[in-house]
Amino acid sequence: MNIQCKTYHDGNYNEVFQFLIDISQEHRKHINWNWARWEWMYFHPDFDRSLRSKIGLWFDELELVGLATYDHYSGEAFFATKQGYEELEDEIVEYAVKTFSDENGLGVAVNDTDSERSQRLQNKGFVKHDQSENILACSIANIKHHSVLPSGITLNSLDAETDVYKHKTVLWKGFDHDGPVPIDEVTIQKQKAMLSATHMNPSLHIVAVNEDGEYVAYCGLWYSPQTDYAYIEPVVTIPSYRGKGLGAAVVVEALKRCSVLGANKAYVISDHPFYKAIGFVQHSRYSFYWHNE
């Protein structure tokens, strides 16, 4: 092997995308960090773009075989290698600690069944904490949920070109932010960038629309024909329309559409009963290990 460590530039975007698809095909231990989470994060307004050049890439000749990246900003990281390159992980862990730690240290989520990785982190001074993230999964063919839409509500595809402000509004209100929806130019440009994600398929991003044309619920669904799975991120309903079944309606509609394209399962980072009522079941749990200086 002729391994070289390089730092990221924008021309590497699709190489990381393909790397994450490849490792999810090898196994599902890193399904919490699949290609869709990478894309959602990379184009998100909160993503600290100033740190991109610190992302570490390990190449064997021209093949990307190892990755260390941060999650939105310093303080949490993800790393992985392709099968057969596990010997690189000690070096990658050291790189992540040196590069992505903040004043609180560095957190890494590890699949609870991955004893080798958890031991590797502990050998490097990481300590297991109570913090965790949970993955639910569903077989799309088994989704049996049927909802009756309230009068005046329709389900449409997100119009990523023209409805930037509507998209911002449903996310702002759906995540219970205080105050008026920001409409300054910087915010709107960031929202436009969010909707320009490289592999985003707007037909799988479903909105519930009221009689006034407002988005009142939204499900973002990410699917690549190179995989057999879809990834849900995010799902929101604005407060005044909650309890009407709209969240379930947009999720189920999105799942139906991606099923036609070839997806047979879906994942979501959540442990919420909302998803379990639709037909999602427990898939895996990831515990955080923290390294503190």
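Presented here is a report on the structure given in the accompanying data block. (Residues numbered from 1 in each chain as written. Predicted model: local features only at pLDDT ≥ 70, side-chain atom pairs only at ≥ 80, totals over all residues. Heavy atoms only, no water.)

Focus: the overall build of the protein chain
Our working rule: Going along the chain from the N terminus, every DSSP run of H or I of four or more residues is numbered as a helix, and every run of E of two or more is numbered as a strand. With C-alpha atoms as the basis for the radius of gyration, the globule rule is written as 2.2 Å multiplied by the number of residues raised to the power 0.38. Whether a residue is buried, partly exposed or exposed follows from its accessible area with a 1.4 Å probe, protein chains only, as a fraction of its type maximum: under 20%, in between, or over 50%, in that order. Surface exposure here means Shrake-Rupley accessible area, sampled with a 1.4 Å probe, where a residue is shielded only by the protein chains that are shown.
Secondary structure assignment for the protein chain yields eight helices and 12 strands. In terms of C-alpha radius of gyration, the protein chain reaches 20 Å, essentially the compact-globule figure of 19 Å for 293 residues. The proportion of buried residues among the 293 residues of the protein chain is 53%. When the accessible area of the protein chain is evaluated, it comes to approximately 13,400 Å², of which 48% is carbon and sulfur surface.

Section: the packing of helix H3 (residues 89-100) against helix H4 (residues 115-123)
For any two helices packed against each other, the geometry comes down to the angle between their axes and how far apart the axes lie. Quick reminder of the rule: Lines fitted to the C-alpha atoms define the axes, with helices restricted to the stretch that makes contact. Angles between their N-to-C directions range from 0 to 180 degrees. Roughly parallel means an angle under 35 degrees; roughly antiparallel means over 145; roughly perpendicular covers 65 to 115; every other angle is labelled oblique. Two helices cross in a left-handed way if the nearer one is turned anticlockwise from the farther one by less than a right angle. They cross in a right-handed way if the turn is clockwise. The contact rule is simple, with two residues in contact once any of their heavy atoms fall within 4.5 Å.
The N-to-C vectors of H3 and H4 enclose an angle of 55°; their axes lie 11 Å apart at closest approach. Judged on the interaxial angle alone, H4 and H3 are oblique. In this structure, H3 meets H4 at a crossing whose hand is right-handed. Along its contact with H3, which presents Glu89, Asp90 and Val93, the element H4 presents Arg117, Arg120 and Leu121.

Thoughts on helix H6 (residues 185-194)
For an α-helix the count is 3.6 residues per turn, leaving residues at separations of three or four pointing the same way. Counted only if it meets this: Taken from the helix axis, the directions to the C-beta atoms give the arc we talk about.
Where H6 is concerned, the buried positions are Thr187, Ile188, Gln191 and Met194. Around the axis of H6, the buried residues are gathered within 110° of arc, so they sit on the same side. Residues Glu185 and Val186 are exposed on H6 and point more than 90 degrees away from its buried face. In this structure, the buried side of H6 is in contact with helix H2 (35-42) and helix H5 (164-174).

Notes on the packing of aromatic side chains
We apply this condition: Pairing of aromatic side chains requires ring centres within 6.5 Å, counting the rings of Phe and Tyr and the six-membered ring of Trp. Pairs whose planes differ by under 30 degrees are stacked, by over 60 edge-to-face, and all others tilted. Our definition puts a charge over a ring when NZ of Lys or CZ of Arg is within 6 Å of the ring centre and also within 35 degrees of the ring normal.
The tally for this structure, following the rule as stated, stands at 18 aromatic pairs. With a centroid separation of 6.1 Å and 70° between ring planes, the pair formed by tryptophan 40 and tryptophan 222 is classed as edge-to-face. Taken as a pair, tryptophan 40 in helix H2 and tryptophan 222 in strand S9 (residues 215-223) lie far apart in primary sequence, 182 residues in all. Since its relative accessible area comes to 11%, tryptophan 40 is described here as buried. A relative accessible area of 3% places tryptophan 222 in the buried class. Judged by centre distance (5.4 Å) and plane angle (40°), the rings of tyrosine 42 and phenylalanine 47 are tilted. For the pair shown, tyrosine 42 and phenylalanine 47 are each scored as buried. Through pairs of rings, three or more aromatic residues link up here, namely Tyr8, Tyr13, Trp38, Tyr42, Phe43, Phe47, Trp58, Tyr70, Tyr95 and Phe100. Its end group placed over the ring of phenylalanine 59, lysine 6 keeps NZ or CZ at 5.2 Å from the ring centre. Here arginine 49 stacks its cationic end above the ring of tyrosine 42, 5.1 Å away from the centre of that ring.

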